[in-house]
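# Summary of structural features
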Amino acid sequence: MSTTSALQSRRVRGTVGTILGVALVFSAALPATAIDRPADDDGPVATQPRTAGTPTFTPDLQTDIHIGDEVQPSDFVSSPDGKWGYVVARELQEFVVINMSTREVEKRIAIPTEGGAFIRVSADGTRAYFALQQQYTSVGIGVIDLTAGTYVTTLASTPDNIQEIVVAQDGSTLHVLNLDGDVVRLDATTGAELAHTKLPGTNFYGLARIDDGNTVLVGRGTTVYRLDPTTLAELSSFTVPGVNAVAHFRVDTTDERVYFTDAQGSGLGVFNPKTGDLTSLVSVGNVMDEVIGFDDLNRSFGNVPYWDYLMAADHATGKRSESVRVMPDAPFSMSKNPVTRDLLSANGGWSNAEKGSTVSIVNAPSVSDPNDAAVTRVGDSVRFETEAVGIKRGHGGGIIWQSSPDGETWTDLEGETFEQLDVVADADTVKLEYRVRYYDDFWGQRGASAGARITAPAPKITFDAPLKDGIVGEAYPATQFTATGQDDLAWETPQATKATVSGLPDGMTFDLADATLSGTPTEAGTYTFVVRVTDAFGEDSREYSLTVTDDEDPTGPTTPPTDPGTPPTGPTGPNAGGESGKGSLSDTGGVSPLLLSLIAAGIVAAGGAGIVFARRGRGRAGI
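All figures in this text were calculated on a predicted structure; none of them were measured in a lab.

### Details of the overall build of the protein chain
Scanning the protein chain for helices and strands turns up 3 helices and 48 strands. Looking at the protein chain residue by residue over its 623 residues, the buried ones come to 46%. Considering only contacts in the protein chain between residues 6 or more positions apart, those separated by 24 or more positions represent 52%. Just so you have it, the protein chain exposes about 29,700 Å², and 51% of that area is on carbon and sulfur atoms.

### Regarding the sheet that holds strand β19 (residues 258–262)
Spatial strand order, β18-β19-β20-β21: 4 strands in an open sheet with antiparallel pairing. The two strands at the open ends of the sheet, each matched to only one other strand, are β18 (246–251) and β21 (278–283). Within this sheet the neighbouring strands show an average axis-to-axis angle of 20 degrees, counted without direction. Where strand β20 (residues 267–271) lies against β21, 5 bridges are found, and the strand directions are antiparallel. Looking at the pairing, F271 lines up with L278 of β21.

### Side note on the packing of aromatic side chains
All chains considered together, the criterion is met by 18 aromatic pairs. Ring plane angle 65 degrees and centroid distance 5.9 Å describe the contact between F294 and W443, whose orientation is recorded as edge-to-face. Of this pair, F294 sits in strand β22 (residues 291–294) while W443 sits in the loop between β37 (433–440) and β38 (445–448), and the two are 149 residues apart along the sequence. Under the relative-accessibility criterion, F294 is labelled buried at 1%. Owing to a relative accessible area of 1%, W443 belongs among the buried residues under this scheme. Ring pairs connect the aromatic residues F463, F481, W491, F510, F529 and Y544, which therefore count as one cluster. Lying across the ring of Y309, R37 places its NZ or CZ 4.9 Å from the centre. Positioned over the ring face of F418 is R393, at 5.4 Å from the centre of the ring.

### Topic: the confidence of the model for the protein chain
Considering every residue of the protein chain, the mean pLDDT works out to 83; 79% of them sit at 70 or more. Confidence drops under pLDDT 50 across residues 43–47; counting only partners more than four residues distant or on other chains, this segment forms 6 contacts. Counting contacts from residues 553–559, a segment whose pLDDT is below 50, to residues more than four positions away or on other chains yields 0 contacts.

### Regarding the nonpolar core
V367, V382, F384, I399, V423 and I454 are the most contacted members of the largest nonpolar core, which totals 21 residues. Secondary structure elements with two or more residues in this core: β32 (381–385), β34 (398–404), β36 (420–424), β37 and β39 (452–455). I461, L504, L517 and V548 belong to the second-largest nonpolar core, a separate cluster that totals 18 residues.

### Observations regarding the side chain of S404
Within the secondary structure, S404 is located in strand β34. Here the side chain of S404 touches D406 through a polar contact of 3.0 Å, side chain to side chain. A distance of 2.7 Å separates a polar side-chain atom of S404 from the backbone nitrogen of G407. When sequence neighbours within four positions are dropped, the list of residues in contact with S404 reads T409, W410, K431, L432 and E433.

### Here's the deal with the environment of L235
Positionally, L235 belongs in strand β17 (residues 234–239). L235 gets classed as exposed once you look at its relative accessible area, which sits at 51%. Those residues in contact with L235 that lie beyond four places of it in its chain are R226, L227 and D228.

### Observations regarding the pattern of salt bridges
Scanning the entire structure with this criterion turns up 19 salt bridges. Between D342 and R103 there is a salt bridge, and its shortest N-O distance comes to 3.4 Å. Here the residue D342 occupies a position in the loop between β27 (331–336) and β28 (343–349), and R103 occupies one in the loop between β4 (94–99) and β5 (104–110), the gap between them amounting to 239 residues. With relative accessibility at 8%, the residue D342 sits in the buried group. The residue R341 makes a salt bridge to D296 at a minimum N-O spacing of 2.9 Å. Within this pair, whereas R341 is found in the loop between β27 and β28, its partner D296 is found in the loop between β22 and β23 (299–304), the two being separated by 45 residues in sequence. Overall, D296 belongs to the exposed group, its relative accessible area being 54%. Here the residues in one salt-bridge network are D75, R120, E164 and R250, joined through shared partners.

### As for the side chain of S323
Tracing the chain through its elements places S323 in the loop between β25 (319–320) and β26 (325–326). What S323 contacts, discounting residues up to four positions off in sequence, is K392, H395, D441 and F442.

### Structural notes on the sheet that holds strand β46 (residues 516–519)
A sheet is described by the order of its strands in space; here 3 strands give the open sequence β42-β46-β45, paired in antiparallel fashion. In the strand order of this sheet, the two ends are held by β42 (476–480) and β45 (508–511), each with one partner. Ignoring which end each strand starts from, the neighbouring axes of this sheet average 20 degrees apart. As paired elements, β42 and β46 share 3 bridges and run antiparallel to each other. The residue of β46 that forms the bridge with Y476 is G519.

### A short note on unusual backbone geometry
Backbone torsion omega between N286 and V287 reads -5 degrees, so that peptide bond is classified as cis. Notably, D60 is not glycine yet its phi reads approximately 55 degrees, a positive angle. For D60, the position within the fold is in the loop between α1 (3–32) and β1 (62–66). Using a relative accessible area of 27% as the deciding quantity, one classes D60 as partly exposed. One non-glycine residue, H395, lies in positive phi territory at about 55 degrees. On the basis of relative accessibility, which here comes to 40%, the residue H395 falls in the partly exposed class.

Each value, and the rule that gives it
Residues numbered from 1 in each chain as written. Predicted model: local features only at pLDDT ≥ 70, side-chain atom pairs only at ≥ 80, totals over all residues. Heavy atoms only, no water. Helix = DSSP H or I, 4+ residues; strand = E, 2+ residues; numbered from the N terminus. Buried < 20%, exposed > 50% of the residue type's maximum accessible area, 1.4 Å probe, protein only. Contact = heavy atoms within 4.5 Å. Areas by Shrake-Rupley, 256 points an atom, 1.4 Å probe, with all protein chains shown as cover. Pairing = 2+ DSSP bridges. Axes fitted to C-alpha atoms, helices over the stretch in contact; angles between N-to-C directions. Phe/Tyr/Trp six-rings, centres within 6.5 Å; stacked < 30°, edge-to-face > 60°. Lys NZ or Arg CZ within 6 Å of the ring centre and 35° of its normal. pLDDT = per-residue confidence, 0-100. Core = buried A, V, L, I, M, F, W, Y, C linked by side-chain atoms within 4.5 Å. Polar contact = N/O pair within 3.5 Å; in protein donor to acceptor, adjacent residues only side chain to side chain. Salt bridge = Lys/Arg side-chain N within 4 Å of Asp/Glu carboxyl O.

Structure representation (structure tokens):
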């Protein structure tokens, strides 16, 4: 048989196998999936503009990104770092790169076939592998260099009708499963076949690698096979009870929880591959296709192409969520962003007889933290704001604002269920903290923002020390203290619990009506006292010192001096027992006549000597 004939034969067999597989799935599924379609309370929610006026609520559930008109997107996955999204479609000869931050198409890389499916990315984020499709059947595996942004090569030694691709942790090999039970191990660089096994039966949909790569799981019907990852030899198998066809295996944080869909039923489930035990099976929708699990939420999500829904199973309660996410067209696949935890859906269409054109990023729920709000006067209105993302009202979902006096005990504010909260500033509201809490039924997730406060200027005492000293028994000059604050500014006594005035000297008072210090101190000393002022926005206090002294006598001699013009009479001076007539000036501080005569004589003699020297000097000058 020529290469062309073989390829044509393979295409035909692949197409027939795919059609047969789909037919078997849906013909078997319909009787087993008698489950009501949930009545989604809101349906798609249009984005509402946020304004500065009336409070609004915008759920912001998802972003739909246009890939191409009616190209039937078949897969949408994230890079390991969450920064990039990768898309292939059944009728698009491009590998599309999306900037996950801007949520816009960043780049388009040409591929050699009319379409693709099943994108898988290496752990280091450098390579992407996907099934090349021609006329809805696989014809090889395409390889993209994600660093260079180029198509590298085609791995041709692959089975028909690829249903799953698994990349080894080190990126060296691939495991590939097809609809007919062929499991192939390939060299990820050359595409050379390293091992191959054929499991009995058909309609194989589940493939995973666990135990640090030491075990390969393959699922068909109710059976899960354990294979050696190198030789692909069967190690063991077990049966999953209560299901029709285990499919699309996914692991989150532990290999002891493998999430799966019932491809011919309505369920999302969890089994333990070590023990073979079925942990949970929840009836969700008709018909479930793929699955994503979150261990921390004990929850899984699946796409329901017939209903254009993404739906959720709560494995703690065994019930589905009645809230859903509505896709623009039938969702062909789903995955998640490992960093943001958003769900990713490729909206291929077909259930509504329309070919899809978009992929969707379904936002994980969150609220942003409100900021503190400033006021200057009592009665000012402030607005706290949050941005709610991925939160839908209904079935207990939505947001509500809360207040707390201590940051620990929170009380819901009735009716405050919007993204804005308006508060009037007064003595009570400035003491509280405000936050928003949320719950979403689809995600089964609840949380709350950080708290925020009204910030307002506290009163401030503006009277500066030091105080003038006081004197015992003398009236202290009235001194008025000053402060800034609101209209309710008040100086209060300790009995009023807010203001304190203590330690004043006896006899002095502080008039709380006009903040005046006055009175007559009765005892000397240094006194320290505190003054506090309050208003609606807070309080301020300052410590002052006041010194009080005794009233002292004037300084100077206690005995008046004797008049020098009046001679003493009788024995009253310090020399009363001796020569009283010779010491009269001395007693009053004067100088004796004898001393005056000697000083005068010295002055005359000095003057005469000066004249003599002066004359001698002139005589020498004339020689």
